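Coordinate analysis (summary)
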Amino acid sequence: MFQADSRFMKAALVEAQKAYMIGEVPIGAVVVHNGLIVGRGHNLREHLNDGIAHAEVLAIEEACRALQSWRLVDCDLYVTIEPCLMCSGAIINSRIKNVCFGARDPKAGATRSLYTVLEDSRLNHQVHVVEGVLADQSSQIMKDFFKAARKKRKIKTGNS
């Protein structure tokens, strides 16, 4: 299973790179059904001026359109960074079966870091979670992005 996880996580990293290239926080996601990618997304909050344009939400929306159903019961989501609370809610409500993420998000992660929403037995749907697949690459693109952003901000404000 790890080989498939790695392959699909690489596709999510491609999406994260797309976000990076346009100045968005570099998080990427893909939804997989029967071994095929049916939804792709990367952060577009800044470009769309839309607070819910997270990679996971956009990938889920595309998958729903592709499969012509809001129920993604036989689908898996691969995302470079641990989903936030909002995205975890979207994952649960769309009935995704498995989530595989790369690196934890200690400030907003809702599947391991701050909460364990996806596996909460009090909810009507639980999601199997796998973490750490290509974690170093997922974490590094975030570090690179924020390092460049800090450097750009320093230059802009005239601080050296």
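Let us look at the structure shown here. (Residues numbered from 1 in each chain as written. Predicted model: local features only at pLDDT ≥ 70, side-chain atom pairs only at ≥ 80, totals over all residues. Heavy atoms only, no water.)

Here's the deal with the pairing of strand β3 (residues 75–81)
Condition: Burial classes follow relative accessibility: with a 1.4 Å probe on protein chains only, a residue under 20% of its type's maximum area counts as buried, one over 50% as exposed, and anything between as partly exposed. A helix here means a DSSP run of H or I that spans at least four residues, while a strand means a run of E at least two residues long, and both kinds are numbered starting from the N terminus. By this definition, two strands are paired if DSSP reports at least two bridges between them. Crossover handedness is defined here as right-handed if the route from the first strand over the helix to the second strand goes clockwise, with the strands pointing away from the viewer.
Burial of β3 is extensive: seven of the seven residues sit out of reach of the surface. Bridge count for strand β1 (residues 28–33) against β3 is five bridges, and the pairing is antiparallel. From the neighbouring strand, Val31 faces β3, where its bridge partner is Leu77. Across five bridges, β3 lies against strand β4 (residues 98–103) in parallel orientation. Bridging across to β4, Leu77 finds its partner in Val99. The β-α-β motif built from β3, the intervening helix α4 (residues 85–93) and the parallel element β4 has right-handed crossover chirality.

Looking at the sheet that holds β4
Just so we agree on the cut-off: Axis definition: a line fitted to C-alpha atoms, over the contacting stretch in the case of helices. Angles run 0 to 180 degrees between N-to-C directions.
Taken together, the five strands give an open sheet; going across it, the order is β2-β1-β3-β4-β5, and neighbouring strands pair in mixed fashion. Every other strand in the sheet has two partners, leaving β2 (36–42) and β5 (128–131) as the edge strands with one partner each. Here the average twist between neighbouring strands, direction ignored, is 15°. Of the strand pairs in this sheet, β1 and β2 are connected by six bridges, and their pairing is antiparallel. Paired with Val30 across the strands is Arg40, a residue of β2.

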